[in-house]
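These are the residues of each chain, in order.
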Amino acid sequence: METPLESLRRVFGYGAFRGPQEEIINASMGGDDVVALMPTGAGKSLCFQIPAIALQQLVVVVSPLIALMKDQVDGLRLQGVRAAMINSGQNLNQNREVMSALAAGQVNLLYAAPERLMQSAFLERVSSAGVRLIAIDEAHCISQWGHDFRREYSRLGELRSRLPDVPMLALTATATPETMDDIEKQLHLRNPRRFISSFDRPNINYAIVPKQKAADQIVEFVRSREDDSGIVYAMTRREVEKITADLKRAGISAEGYHGGMAASVRSRVQEGFLREDVRVIVATIAFGMGIDKSNVRYVLHANMPKSIEGYYQETGRAGRDGLPSEAALLYSRADLMRCLSLVSDGDPSYAKVAKQKARLMAEFAESVTCRRKTLLEYFGEKHGGNCGNCDVCVDAPKSDDVTDLAVMLFRCMHDTGQKFGEAYVIKVLVGSRDSRILELGHDRLSTYGSGARLDRGQWRNLIRQLMDQGFLRSTGGDYPVLKMEKKCGDVVKELQRVQGVISDAMPSAKARRIQQAVDYDAALFEHLRALRKAIAAEENVPSYIVFGDTTLMLMAASRPTTLAGLRLLSGVGEAKLSRYGQRFLGAIQEHESRAQE
Ligand code: ADP
Ligand code: ZN
């Protein structure tokens, strides 16, 4: 038998367990009942996957969402794990095959919906297959105290009497202490061990921005993160459609998602997002539950959510892979009024609570206390404040001397011969991989990428100020070219200083770049990402299942040349190495030799 750590390294290619994972796994394998409260992205899945792999025995996983089950099972299979699922999304034959594999002892991880698991015949099959552990994902769904009670879950309470000797592992990302107690009671757990991880998501940057021209702000925000996957939440179906249209008009790969769309369209949009054919999803809060995509880089709320719980859950969909990610909210007091009027129609006692929740959310948005501190304390956790990664803590000082930025811009214009429009110059400054820039070799200029600490919107804004001050002019016409006036020379020679305001109409992507831990080759990363997308299409799975962003970044940073070198990177397990290793090595080599030409 392998140890849990050996399984972790061999199958998943990760070096070490995180947080309470190892203790949870040991407790479960030792036969204890466990309740674990871990935030999104903390790595709950490994807690039940590793016991199945290390023991090579059956672990049953109860999960409410078929889409999520399918992605997990597909991913596990790619990694050589004997995983299967049984649910109404599969046809009779598929389910029958799974049952016979189960009887033959060929299944180690079996995912099932709660209503299926509780069928007597099914429980018997599971029992005679020698089930060692039952894991209950989204365990808060069993509690009426939770915010997401599901009737199908309540029957899980009978598991204890039906399979008295099988330990249970209940996992959730959202539960108050009352809900935790209730989970234990409903499942009849015996002296369960409780594991509670901090709710903090240190990789998420929180920012709240006054809503002015929402449509422009949204387009600007999304456009300045052109390579990133993101979710934009809007309140109504109509707003979803409008924002989607705005983004599409701006040339952004965006699709809408809401309850009024046909199920087939919704699942097509969702798949497109998972495969990275669609960069941005604009959605009502109907979207998200069941989205396991690990590299969502931002969640942008176009409206204030109705509660801090909702806000935290929705923003939590960003950055599951632990890489720097953003949660931005466009706030206006009018949103609060709208929320209040929406909830006043319902049942009065519910309405009272709902109003209170909305007011707390608005208070949070208007406050000038560290966002992280407020959020964590709302969930009963202490935090000292000054997190250094929220708008309140970072709030970019309104710099008034912008001479260095102006010099950078003037040099860049000089280097490109003053033959281009504003948009092109800005692209060079921020280091865009635009094909025209590459063709003209402008990616080799010393000013290329030198202005990446401002986003495009901030550059546009600064250029406007420099025009007003008579440093720059535009030739006008259909293809306006940006030109320098004489006095720019004085600035470059440091004879004159320039004053200006750096706009922070929307949080810029810079906060995240500063945080970026690994220094990797961005062009190579994009190249590897394209390969990942192609493989995902061949395998018919979401992109992140092939390799996560972290793993691709590590490849782009260390540029391994051998399979052994590749295997050392976090996220490269045995099966994926033999399946995809050569192709990724080939792509790295190809990129390297092209770069040398
Ligand atoms: P949760 O279900 O708690 O939201 P997941 O199980 O989806 O979280 O894990 C989040 C991400 O973290 C996944 O990409 C997973 O592969 C990764 N991960 C989990 N545990 C580890 C670990 N010990 N080392 C490295 N990455 C891990
Ligand atoms: Zn803070």
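Reading the values: the criteria
Residues numbered from 1 in each chain as written. Chains lettered and ligands numbered in written order. Predicted model: local features only at pLDDT ≥ 70, side-chain atom pairs only at ≥ 80, totals over all residues. Heavy atoms only, no water. Helix = DSSP H or I, 4+ residues; strand = E, 2+ residues; numbered from the N terminus. Buried < 20%, exposed > 50% of the residue type's maximum accessible area, 1.4 Å probe, protein only. Polar contact = N/O pair within 3.5 Å; in protein donor to acceptor, adjacent residues only side chain to side chain. Contact = heavy atoms within 4.5 Å. Pairing = 2+ DSSP bridges. Axes fitted to C-alpha atoms, helices over the stretch in contact; angles between N-to-C directions. Near = heavy atom within 4 Å. Areas by Shrake-Rupley, 256 points an atom, 1.4 Å probe, with all protein chains shown as cover. Nonpolar A, V, L, I, M, F, W, Y, C, P; charged D, E, K, R; others polar. Arc of directions from axis to C-beta.

(A) Inspection of the side chain of Ser367 at higher detail. Topologically, Ser367 is positioned in the loop between α16 (348-366) and α17 (371-378). Overall, Ser367 belongs to the buried group, its relative accessible area being 19%. At a separation of 3.4 Å, a polar atom in the side chain of Ser367 contacts the main-chain amide nitrogen of Thr369. Ignoring any residue separated from it by four or fewer positions in sequence, one finds Ser367 in contact with Thr374 and Val392.

(B) Local environment of the sheet that holds strand β11 (residues 280-283). Taken in spatial order, the six strands make up an open sheet running β8-β13-β12-β9-β11-β10, and their pairing is parallel. Each edge of the open sheet is held by one strand with a lone partner, namely β8 (204-210) and β10 (254-257). The sheet shows a mean angle of 15° between the axes of neighbouring strands, taken without regard to direction. Along the sheet, helix α11 (residues 214-223) makes contact with β8, β9 (229-233), β11, β12 (296-301) and β13 (325-331), crossing β13 at roughly 170°. Helix α13 (residues 263-275) rests against β9, β10, β11 and β12 of the sheet, and its axis sits at about 140° to β10.

(C) Representation of the site of ligand 1 in the model. Taken together, 14 residues surround ligand 1, and among them Tyr14, Ala16, Gly41, Ser45 and Arg320 come closest. Between ligand 1 and Arg18, the relevant distance is 3.2 Å, taken from an oxygen atom to a side-chain nitrogen or oxygen of the residue. Note that an oxygen atom of ligand 1 is positioned 3.0 Å from one of the backbone N or O atoms of Gly43. Its free accessible area being 560 Å², ligand 1 has 83% of it covered by the protein chains. No other element matches the three residues that helix α3 (residues 44-55) contributes to the shell around ligand 1. Looking at the shell around ligand 1 residue by residue, the class counts come to six nonpolar, five polar and three charged.

(D) Highlighting the environment of Cys141. With respect to the element layout, Cys141 can be found in the loop between β5 (133-136) and α8 (151-154). Residue Cys141 is classed as buried on the basis of its relative accessible area, which comes to 0%. Spatially, the C-alpha atoms of Cys141 and Ile183 are 8.7 Å apart, while their sequence positions differ by 42 residues. Setting aside chain neighbours within four positions, we find Cys141 in contact with Asp148, Phe149, Arg150 and Tyr153.

(E) Highlighting helix α1 (residues 4-12). Of the positions making up α1, those classed as buried are Pro4, Ser7, Leu8, Val11 and Phe12. Angularly, the buried residues of α1 cover 100° about the axis, an arc narrow enough to put them on a single face. Considering only its buried residues, α1 is in contact with α2 (21-29), α3, α4 (66-78) and α29 (574-596). Within two residues after α1, Gly13 carries a phi angle of roughly 70°, on the positive side.

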